[in-house]
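Architecture at a glance
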Amino acid sequence: MTPPLKGLQAVAPRMGEELGDTVERANNSEGSSMSNENTPLCEMLSPNLLRGRAAFVTGGGSGINLAIARGLASVGADIALCGRSQDKLDEAAKELSQYNVRVLSAAADVRDRDSLGEAINSAASEFGRLDTVVAGAAGNFFAPAESLSSNGFRAVIDIDLVGSFHTAQAAFDHLRPTKGNILFVSAGQSKLPFANQSHAGAAKAGIDNLMANLALEWGRFGIRSNSVVPGPIRETEGMRRLSEPVGIERWNQAVALGRFGYAHEVAAIAVVLSSRLASYVTGARIVVDGGLELSGFGAISQALSAATPSD
Ligand code: COA
């Protein structure tokens, strides 16, 4: 039995809340109004779809990863959030505790295999199982390749790619008995080049290849491995950095659906991939980008280069 990890904190769930109300409130807090793309997940899927299952989410304190954790919790999964900042995790865990699920938070840096492994072991021990691990932790900035330092390139490779490997490997022993699944959070840069993103593109391309490799290697254990590829998503740190220099309208023109996505639209696919609905899906790179990849990044990438954003 793995001893409880220092820094792993349980947050008591608040019972009796209406899941639909909670999800609606979460959506509204992102500035959205109710419409088709904002229908709460638990109205489209059973709120018990993942009841009794448990998930560990790296980078789960904010952004798309928190939205994925929220989506998993909204259909019943117990959640362990992992990130570098305990304060951020505590705030996120408090929000998720509004669902009728168990929520843990564990401060660990995905670059540190030992402390990440301890966090995953502790979460699996607390929950008694682990069904889904989300490798979402990422770092990024905007920098031209010619002036990017070796350390800068390596920092992103270490967090995104090496960190994702650590996450999958540390979860393996727990996913094997549950025939669980790994979900990698990739990016469009994994397939199409994007100016000033050589480091992130290399890291995310590595992640997609790692995803496919693990699907092949661990398929015999019943473990599925997939990646989700978010496009321009509202109110994320990454898109704030990429939309400020050229304006949102130019981005909208590059997207077939003509709009930014919501983080919960990525979460919906993550939930499906983590459930038995996707029991025969492994090795897949699922793009959730409103059709951005169809036109490539050329025009938007050139516009961003011309704007030479500072970060
Ligand atoms: N442009 C160029 N180089 C940069 C940079 C930038 N905007 N930001 C950081 N770097 C370089 C640093 O100069 C350093 O290299 P050096 O030692 O040669 O000077 C290297 O990257 C590591 O930076 P450091 O801040 O020490 O690393 P860190 O591990 O503390 O931070 C980062 C990791 C760099 C990825 C940081 O941006 C981060 O923590 N981001 C998390 C939040 C985030 O990126 N969110 C968006 C996710 S999509």
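About the cut-offs
Within every chain, residues take consecutive numbers counted from 1 along the sequence as written. Only residues with pLDDT of at least 70 get local features here, since the model is predicted, and only at 80 or more are side-chain atom pairs given and counted; chain-wide, interface and lining totals rely on the full set of residues. Any residue qualifies as near a molecule or strand once its backbone-derived C-beta atom lies within 6 Å of it. Segments assigned H or I by DSSP are reported as helices when at least four residues long, segments assigned E as strands when at least two residues long, and all are numbered from the N terminus. Side-chain classes are defined by residue name, with Ala, Val, Leu, Ile, Met, Phe, Trp, Tyr, Cys and Pro counting as nonpolar, Asp, Glu, Lys and Arg as charged, and the others, Gly among them, as polar. Partly exposed residues are those whose C-beta has more than 12 but fewer than 20 other C-beta atoms within 10 Å; 20 or more makes a residue buried and 12 or fewer makes it exposed, with C-beta atoms placed from the backbone. A pair of strands counts as paired when DSSP detects no fewer than two bridges linking them. By convention, a crossover is right-handed whenever its connection, traced from the first strand over the helix to the second and viewed with the strands pointing away, goes clockwise. A set of buried residues drawn from Ala, Val, Leu, Ile, Met, Phe, Trp, Tyr and Cys, joined through C-beta atoms within 7 Å, is what defines a nonpolar core. We call two residues in contact if the C-beta atoms placed from their backbones are at most 7 Å apart. This arc is taken over the directions from the axis of the helix to the C-beta atoms.

1. A word on the site of the ligand
Taken together, 15 residues form the shell around the ligand, and within it Gly139, Phe141, Ser149, Asn151 and Gly152 come nearest. Counting only elements with at least two residues in the shell around the ligand, the list comes to α6 (150-178) and α8 (237-243). Broken down by element, the residue count for the shell around the ligand peaks at 5 residues, all from α6. Grouping the amino acids of the shell around the ligand by side-chain chemistry returns 7 nonpolar, 6 polar and 2 charged.

2. Structural notes on the pairing of strand β4 (residues 103-107)
Counting buried positions along β4 gives 5 out of 5 residues, so the element sits mostly inside the fold. Summarising the sheet, strand β3 (residues 78-83) and β4 pair through 5 bridges and their orientation is parallel. Bridge assignment links glycine 83 to a residue of β4, and that residue is alanine 107. Handedness of the crossover joining β3 and β4 through helix α4 (residues 86-96) is recorded here as right-handed.

3. A word on the nonpolar core
Formed by 88 residues in total, the largest nonpolar core has its most connected members in Phe56, Ile68, Leu72, Ile79, Ala123, Val266 and Ala270. When residues in this core are grouped by element, the largest group, 9 residues, is from helix α10 (residues 263-274). Residue contacts for valine 266: discarding those within four places in its chain leaves Ile64, Ala67, Ile68, Val228, Pro230, Ile233, Gly261 and Val288.

4. Points about helix α12 (residues 298-307)
The set of residues buried in α12 consists of Ile300, Ser301 and Leu304. The buried residues of α12 occupy one face: seen down the axis, they fall within an arc of 100°. In α12, those exposed residues whose orientation departs by more than 90 degrees from the buried face are Gln302 and Ala306. Taken together, the buried residues of α12 touch α8 and α9 (248-254).

5. Some details on the pairing of strand β7 (residues 224-230)
With 7 of its 7 residues buried, β7 lies for the most part within the structure. Burial along β7 is two-sided: the face carrying Arg224, Asn226, Val228 and Pro230 and the face carrying Ser225, Ser227 and Val229 are both buried. Where strand β6 (residues 181-185) and β7 come together, 5 bridges link them in parallel fashion. From the neighbouring strand, leucine 183 faces β7, where its bridge partner is asparagine 226. For the crossover from β6 across helix α7 (residues 198-218) to β7, the handedness is right-handed. With 4 bridges joining them, β7 and strand β8 (residues 285-288) adopt parallel strand pairing. When the bridges of β8 are listed, serine 227 appears paired with arginine 285.

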